[in-house]
Amino acid sequence: MQASDGMPAKVTIAYQPGLSYAPLILLKQNGTLEKEFPNTTFEWTEVNIQVVREE
């Protein structure tokens, strides 16, 4: 579904804790996307995937 301005009405962003996702975490904390796209709802989902390493 799209908002009247052609942007999506809702966006889901999945991220993991960690340094490689720092840019996304900063966008979330600062509300940058919400400010830039006020007609779009952003859903932030933290994904915690543990990798098991067998030796």
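What counts and how
Residues numbered from 1 in each chain as written. Predicted model: local features only at pLDDT ≥ 70, side-chain atom pairs only at ≥ 80, totals over all residues. Heavy atoms only, no water. pLDDT = per-residue confidence, 0-100. Helix = DSSP H or I, 4+ residues; strand = E, 2+ residues; numbered from the N terminus. Buried < 20%, exposed > 50% of the residue type's maximum accessible area, 1.4 Å probe, protein only. Contact = heavy atoms within 4.5 Å. Core = buried A, V, L, I, M, F, W, Y, C linked by side-chain atoms within 4.5 Å.

**Q** In this structure, what is going on with the confidence of the model for the protein chain? I would like to understand it.
**A** The predicted coordinates ought not to be read in detail in places where the model reports low pLDDT. Counting all residues, the mean pLDDT for the protein chain is 85, and 82% of those residues have values of 70 or more. Here strand E1 (residues 10–15) stands out as the least confident element of the protein chain, with mean pLDDT 93; helix H2 (residues 32–36) is the most confident, with 95.

**Q** Looking at this structure, how should I read the environment of Val47?
**A** Note on placement: Val47 falls in the segment after strand E2 (41–46). Since its relative accessible area comes to 27%, Val47 is described here as partly exposed. Each C-alpha atom of the pair Val47 and Ile13 lies 9.9 Å from the other, and the pair is 34 residues apart in sequence. When neighbours within four sequence positions are excluded, Val47 is seen to be in contact with Ala14, Tyr15, Gln16 and Pro17.

**Q** Is there a simple way to explain the nonpolar core in this structure?
**A** Nonpolar side chains in soluble globular proteins tend to end up buried together. Listed in full, the five residues of the largest apolar core are Ile13, Tyr15, Leu33, Phe42 and Trp44. Elements supplying a minimum of two residues to this core: E1 and E2. For Trp44, the contacting residues outside a window of four places in its chain are Ile13, Tyr15, Leu24, Leu27, Lys28, Leu33 and Glu34.

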